[in-house]
Amino acid sequence: MAEVALDRVFHEEWGRVVASLIGFLGDFDLAEEAAQEAFAIAAVRWPRHGVPTNPRAWLMTTARNRATDRIRRDRAMAAKFGLLVTGDREEPMDTTTFPDERLELIFTCCHPSLAIEAQVALTLRTLGGLTTDEIARAFLVPEPTMAQRLVRAKRKIKAAAIPFRVPTSALWHDRLDAVLAVIYLVFNQGYSGRDELAAEAIWLGTALTELLPEDPEVRGLLAMMLLHDSRREERFRGGELVLLGEQDRSRWDHEEIAEGRKELARASALRGRGPYVLQAMIASLHADASCDWSQIAELYSELGRLTSSPVVELNRAIAIAEAEGPQAGLRIVDGLGLDDFRYLHSTRGELLRRLGRIPEARDAYRRARELTDDGAERRFLERRLTELAASPG
Amino acid sequence: MQYVVLIYQGSTPLPGSDEWGALADEEQKQIYADYGALNQTPGVSPGPPLGLPEDATTVRVEGGKTLTTDGPFVGMKEAVGGFFVLEADDLDAAIEVAARVPAARLGGAIEIRPSEAYWQK
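Residues numbered from 1 in each chain as written. Chains lettered and ligands numbered in written order. Predicted model: local features only at pLDDT ≥ 70, side-chain atom pairs only at ≥ 80, totals over all residues.

1. Considerations on the overall build of chain A
Inference 1: Of the regular secondary structure elements, chain A holds 20 helices and 2 strands.
Inference 2: With the principal axes as the frame, chain A shows a C-alpha extent of 85 × 40 × 40 Å.
Inference 3: Looking at chain A as a whole, 40% of its 393 residues qualify as buried.
Inference 4: Put simply, 59% of the contacts in chain A that link residues at least 6 apart link residues at least 24 apart. (Helix = DSSP H or I, 4+ residues; strand = E, 2+ residues; numbered from the N terminus. Buried ≥ 20, exposed ≤ 12 C-beta atoms within 10 Å, placed from the backbone. Contact = placed C-beta atoms within 7 Å.)

2. Re the overall build of chain B
Inference 1: Across its full length, chain B carries 4 helices and 6 strands.
Inference 2: Reported as C-alpha extents along the three principal axes, the dimensions of chain B are approximately 50 × 40 × 20 Å.
Inference 3: When the 121 residues of chain B are sorted by exposure, 13% land in the buried category.
Inference 4: Put simply, 69% of the contacts in chain B that link residues at least 6 apart link residues at least 24 apart.

3. Some words on the nonpolar core
Inference 1: Leu-21 and Ala-280 of chain A are the most contacted members of the largest nonpolar core, which totals 111 residues.
Inference 2: Every residue in contact with Leu-21 of chain A, bar those within four places of it in the chain, is listed here: Ala-31, Ala-34, Ala-35, Ala-63, Arg-64 and Ala-67 of chain A. (Core = buried A, V, L, I, M, F, W, Y, C linked by C-beta atoms within 7 Å.)

4. Describing the packing of helix α13 (residues 254-269) of chain A against helix α14 (residues 275-286) of chain A
Residues and elements named next belong to chain A.
Inference 1: At a closest axis distance of 10 Å, the pairing of α13 and α14 adopts a crossing angle of 140°. Judged on the interaxial angle alone, α14 and α13 are oblique. The element α13 and its partner α14 pack so that their crossing is left-handed. Packed against α13, whose contacting residues are Gly-260, Arg-261, Leu-264 and Ala-267, the element α14 presents Val-277, Ala-280, Met-281 and Ser-284 at the interface.
Inference 2: Among the residues making up the contact of α13 with α14, the classes are represented as 5 nonpolar, 2 polar and 1 charged. (Axes fitted to C-alpha atoms, helices over the stretch in contact; angles between N-to-C directions. Parallel < 35°, antiparallel > 145°, perpendicular 65-115°, else oblique. Left-handed = near helix turned anticlockwise from the far one by under 90°. Nonpolar A, V, L, I, M, F, W, Y, C, P; charged D, E, K, R; others polar.)

5. Comments concerning the interface of chain B and chain A
In many analyses, interface size is given as the accessible surface area lost on bringing the parts together.
Inference 1: The interface of chain B with chain A comprises 6 residues on the first partner and 9 residues on the second.
Inference 2: In terms of residue class, the side of chain B that touches chain A is built from 3 nonpolar, no polar and 3 charged.

6. Some words on the environment of Glu-54 of chain B
All names here are of chain B.
Inference 1: One can find Glu-54 in the loop between β2 (44-46) and β3 (57-62).
Inference 2: Residue Glu-54 is classed as exposed on the basis of its 11 C-beta neighbours within 10 Å.
Inference 3: Measuring from C-alpha to C-alpha, the distance between Glu-54 and Ala-79 comes to 9.5 Å, with 25 residues separating the pair along the chain.
Inference 4: Residue contacts for Glu-54: discarding those within four places in its chain leaves Gly-71 and Met-76.

7. Considerations on the packing of helix α10 (residues 195-211) of chain A against helix α11 (residues 216-229) of chain A
Residue and element names in this part refer to chain A.
Inference 1: Contact geometry of α10 with α11 gives a least axis separation of 9 Å together with a crossing angle of 150°. When the interaxial angle is binned, α10 and α11 end up roughly antiparallel. Like other packed secondary-structure pairs, α10 and α11 cross with a definite hand, here left-handed. Between α10 and α11, the contacting residues are Ala-198, Ala-201, Ile-202, Gly-205, Thr-206, Leu-208 and Thr-209 on the first element and Val-218, Arg-219, Leu-221, Leu-222, Met-225, Leu-226 and Asp-229 on the second.
Inference 2: For the contact of α10 with α11, the class distribution of residues is 9 nonpolar, 3 polar and 2 charged.

8. Concerning the sheet that holds strand β6 (residues 109-114) of chain B
Sheets are built from strands that pair by backbone hydrogen bonding, the pairs being arranged parallel or antiparallel.
All names here are of chain B.
Inference 1: What the 4 strands build is an open sheet, ordered β2-β5-β1-β6; its pairing is antiparallel. Either end of the sheet is taken by a strand with one partner, and the two such strands are β2 and β6. Averaged over all pairs of adjacent strands, the angle between their axes in this sheet comes to 25°, without regard to strand direction.
Inference 2: The strands touched by helix α3 (residues 91-98) are β1 (2-8), β2, β5 (80-87) and β6; relative to β6, the strand with the most contacts, the crossing angle is about 150°. (Pairing = 2+ DSSP bridges.)

9. Here's the deal with the pairing of β3 of chain B
Residues and elements named next belong to chain B.
Inference 1: Sparse coverage of β3 is indicated by the burial of 0 of its 6 residues.
Inference 2: As paired strands, β3 and strand β4 (residues 65-70) are joined by 6 bridges and run antiparallel to one another. Counted as the bridge partner of Thr-57 is Asp-70 from β4.
Inference 3: Here β3 folds back onto β4 in antiparallel fashion, the turn holding 2 residues, of which Gly-63 has a positive phi close to 55°.

Note that every value here comes from positions in space, so none of it alone points to a role or purpose.
Listed below in structure tokens is the structure:
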């Protein structure tokens, strides 16, 4: 089996194996270690002796046996877990004896009693199978800091008895929101340049649609991520941010757009009109050749009513500016109290520039530049300022 | 699983205060009833009711000397207003009980701490 294919099996199976082991052992560390051992054995054996007919069952059986071996060796642990191992060890267990417990796992990882950074790290580690080092690099944190974050999260799960189960209906909505927020956060981190995280978020989002096929917001989130991701390659050119209107549409990933729209259609069929579905609808309109800005503005109004977020209002202003002209957009922007938000100032700069109010536009772009440390965005603002220096006014 | 649940009053109106007097009769009755129901909840072992934080005395020992100050260790708003011990299956079950403490909706907050038997280790 080619290395790439093996990687894919590992990625697909890791979360499922770890989830099942946690359900069986009730311990994150032990489950992770056992899974790691099983995957290491597979990495050596499969290329040499061929992949077993049921890779999942093989991995689960091997990991489970490793864990029980370890518990047997350690008497104190055996007493703690009260485990007895029976049955033919060589016979791979039927996969039906391993319920898919990834949903339990993701709700545990995204439990609001853990800090959001810990929720993200734990989800990427246990469900996505990323190494601590990979997660640390993706979030620009030293590896020991990330390792410590994971250790503390796992300790709290045990100490505070955070349950390994799907939440009751009373807690359902809040908890699902927390899960979606974690996946979205991973995606956003990836969208600002860390490609592997964007792919990971889409992978997690896809897994969640398999686990909760009837939830429109789950599908809305996936649709939105796919639609945004289709433009990822075009968002940067020569290390500089490229605005939507200036992107080369032929270079968007049209297969991904189609996939995103399919998810959106499913979400709409489920009568979804929550925040993620609305954002996916907006992203879908953005992907049209002739973009319907007044409809986008209306969707932002609806989204604003759900979230009461001034950032949503800023986006509405941009759509209004496109539909009704820069003056109408500027009126909304100037009513927003987002003085420390760089996009407020870059938006003002753009609208003022279109209105020919060049000195004011310059001031706004300068303020945006002060608030921006990201390289690609800074380069974009520098260019705008250079262009404005050449304009009269 | 045993938890110690701490109730922080925050800006919750306390009986005897003007803010408390401003509450409608039914509301006052409801609050007492809710605390009563909480104390009857399976798994809850109520702590004795705490007096007001302004009547607290804080004691520290520095260099062998006992230092006594007036009031709670933290500010009045941050002071603990009450506590109970809760036996619950897991944190989610504990959160559901904590959310029923009236102080949680009246401007205070509830802290759930797993209890720990350090001395057995």
